[in-house]
Amino acid sequence: MAKINAFSKKAKYTAVSFFSGMGGASIGMKMAGFKVVYANEFVPVAADAYEANSNIKVDREDVRKVDAKRVYKLSGIKPGELDLLEGSPPCKAFSSTQARKQGKDFGNEVDYSEGIKQRVDDLFFEFCRILKQMQPKVFIAENVPGLVKAINRGYFVEIHKALTDCGYLVQAVVVDPSRLGVPQKRERLILQGVRNDLVKAGFMPAWCKPSKYETTVQECLPHIERIKSTRGYIHARTPSPTITASDHSIGETANFSCGGYCEDDKGKTRKYTIDELKVLSSVPADFVFPRQEKETDKKHFQRSWERLGRIHVPLQVYHITKAIREQIIEPFYLNKGKPYATQQPKPVADKPSSADSIKVRSAHRPEALRKSTRSDGSGSEKQRQPRRAR
């Protein structure tokens, strides 16, 4: 972490992070050449972990009480200078499980973390409010793919329109980090927006190119032989299923989650260690989770696991924001030589924001691969056979 923080400290391009958690997205942005000048996180344990591995102090104020003036004051940047705004609004209300519950948690406070209850389905609009006030050149927002499924899709349309109305061209892509070097099948919906004046100058949302191959558990943890999936134990020559925040307490017989169980080369079946979870989440080995006062080993394990189960994996953020830096931010400064003056860009011509009019791309695989292969459920790919003429 010391090397990453030192590298980021010299960066020329600025980034601000909201809903920062333990700092996974910030690590990725730092690796990509951004200087994170402000981070906001209200869960104390998460903020403690962020600060223990960073060179900035986390703002722990409720995001609903934060505005652009506060960010400028605490970060030292001026209006019009921000290059990238990043945020991962809590996604519990939009998970696939919640979609099956037909939105019963919408508008209500839910258990979030560390015994804290809060309403989470309105936090995306708080992100929109800050976006409109700060007007960064580019923004990215992360959430679960469940945001575009079932009853949640109407909510996604509202969010997309709100982001567009802030003065941005917005694209949404479902990204699979296992094709970006992360040994975990942790699909996430990424919304990226480029400010309209940059769009008029020829800049468009920038996306990284995924690999044709998935990164597997055994590539990164050679001593792990098998991993648990919802279908039982399978060979570790495949990415890990998504590690969730609650997997630390899930039993081995549960069929709705992998529970973070594995079998090592000694034949021992167990849960992953925290160091192994760091690898599965592309977190630097020297990242530390500070102990709370009078915290037992078991509680420390559970809290560390929860933080990793909520993370926006750094390597995925690195690839996405590196593409943004190389294809948008650097060319912008190279062509103009100085930041744009603060202005309220005129919105592009409005288009109907219906569920059918918003396309959500899948970035798991190159287009040619999506057409020519399928998954057999075990992590391997099989070529489709042409149908015989009747």
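Every chain is numbered on its own, with residues counted from 1 as its sequence reads. Local features in this predicted model are restricted to residues of pLDDT 70 or higher, and side-chain atom pairs are both shown and tallied only at a pLDDT of 80 or more, whereas totals for entire chains, interfaces and linings draw on every residue. Neither water nor hydrogens contribute to the side-chain values; these are computed over all heavy atoms in the structure.

*Asks:* I'd like a rundown of the sheet that holds strand β14 (residues 269–271), residues and numbers included.
*Replies:* Each strand in a sheet pairs with another by means of backbone hydrogen bonds, the pair being arranged parallel or else antiparallel. In spatial order, the strands read β11-β10-β13-β14; together these four strands make up an open sheet with antiparallel pairing. The open sheet terminates on both sides in strands that have one partner only, identified here as β11 (232–235) and β14. Pairs of neighbouring strands in the sheet enclose a mean axial angle of 35 degrees, with direction left out of account. What makes two strands pair is DSSP finding at least two bridges between them. Labels follow the DSSP assignment, with helices taken as runs of H or I lasting at least four residues and strands as runs of E lasting at least two, numbered in each case from the N terminus. The pairing of strand β10 (residues 224–229) with strand β13 (residues 261–264) spans three bridges and is antiparallel. When the sheet's bridge partners are listed, Arg226 is paired in β13 with Glu263. The axes used here are C-alpha line fits, helices contributing only the stretch in contact, and every angle between their N-to-C directions lies in the interval 0 to 180 degrees.

*Asks:* Before we move on, can you summarise helix α3 (residues 44–52) with the specific residues and values?
*Replies:* Along α3, the residues that are buried comprise Val45, Ala46, Ala47, Ala49 and Tyr50. Note on definitions: a residue-residue contact is assigned when non-hydrogen atoms from the two residues lie within 4.5 Å. As for α3, its buried residues are in contact with α2 (24–31), β2 (34–40) and α11 (297–309). Each residue gets one of three labels from its accessible area relative to the maximum for its type: buried under 20%, exposed over 50%, partly exposed in between, using a 1.4 Å probe on protein chains only.

*Asks:* So what's going on with unusual backbone geometry? Which residues, and what values?
*Replies:* Unusually for a residue other than glycine, Phe19 sits at a positive phi of about 55 degrees. Despite not being glycine, Gln135 shows a phi value in the positive range, around 50 degrees. Its location among the elements puts Gln135 in the loop between α6 (123–134) and β6 (138–143).

*Asks:* Explain the side chain of Asp122 residue by residue, including any values.
*Replies:* Its place among the elements puts Asp122 in the loop between β5 (116–118) and α6. Judged by relative accessible area, which is 16%, Asp122 ranks as buried. For the purposes of these results, a polar contact is taken to be a pair of N or O atoms within 3.5 Å, where, inside protein, one atom must be able to donate a hydrogen and its partner to accept one; residues adjacent in sequence count only when each atom of the pair is a side-chain atom. Within the local environment of Asp122, its side chain forms a polar contact with the side chain of Arg64, the two groups lying 3.0 Å apart.

*Asks:* Lay out the pattern of salt bridges in plain terms, naming residues and giving numbers.
*Replies:* In the sections that follow, a salt bridge refers to a side-chain nitrogen of Lys or Arg positioned within 4 Å of a carboxyl oxygen of Asp or Glu. For the structure shown, the criterion picks out 24 salt bridges. A salt bridge links Arg64 to Asp122; the nearest nitrogen and oxygen atoms lie 3.0 Å apart. Of this pair, Arg64 sits in the loop between α3 and α4 (68–75) while Asp122 sits in the loop between β5 and α6, placing them 58 residues apart in sequence. Take Arg64: its relative accessible area is 30%, and that puts it in the partly exposed class.

*Asks:* Report on the packing of α6 against helix α7 (residues 152–165), specifying residues and quantitative values.
*Replies:* Their axes nearest at 10 Å, the elements α6 and α7 cross at an angle of 10 degrees. If you check the angle between α6 and α7, you find them roughly parallel. Contacts between α6 and α7 pair Phe124, Phe125, Phe127, Cys128 and Leu131 from the former with Tyr155, Glu158, Ile159, Ala162 and Leu163 from the latter. Under the scheme applied here, ten amino acids are nonpolar (Ala, Val, Leu, Ile, Met, Phe, Trp, Tyr, Cys and Pro), four are charged (Asp, Glu, Lys and Arg), and all others, including Gly, are polar. Broken down by class, the residue content of the contact of α6 with α7 amounts to nine nonpolar, no polar and one charged. Note on terminology: angles under 35 degrees are roughly parallel, angles over 145 are roughly antiparallel, angles of 65 to 115 are roughly perpendicular, and the others are oblique.

*Asks:* Just give me the short version of the packing of aromatic side chains, but keep the residues and values in it.
*Replies:* Put simply, two rings from Phe, Tyr or Trp (the six-membered ring, in Trp's case) pair if the centres are within 6.5 Å, and we call them stacked under 30 degrees between planes, edge-to-face over 60, tilted for the rest. All told, the structure shown has eleven aromatic pairs when counted by the stated rule. Among the aromatic side chains, those forming a connected cluster through ring pairs are Tyr13, Phe34, Phe203, Phe332 and Tyr333. By definition, being over a ring means that NZ of Lys or CZ of Arg is both within 6 Å of the ring centre and within 35 degrees of the ring normal. Over the ring of Trp305 we find Lys271; its NZ or CZ atom is 5.5 Å from the centre of that ring.

*Asks:* Any details on the environment of Val36? Residues and values, ideally.
*Replies:* The residue Val36 is located in strand β2 in this model. As for Val36 and Glu86, which are separated by 50 residues in sequence, their C-alpha atoms are 9.9 Å apart. If we ignore the near neighbours within four places in the chain, the residues touching Val36 are Ser8, Ala15, Ser26, Met29, Lys30, Tyr50 and Ile56.

*Asks:* So, the pairing of β10: which residues are in play, and what are the values?
*Replies:* Sheet analysis places β10 next to β11, joined by four bridges and oriented antiparallel. Bridge pairing in β11 links Ile227 to Ile234. Remark: two residues form the turn of the hairpin made by β10 and β11, two consecutive strands paired antiparallel.

Worth remembering: the numbers are spatial, not functional.
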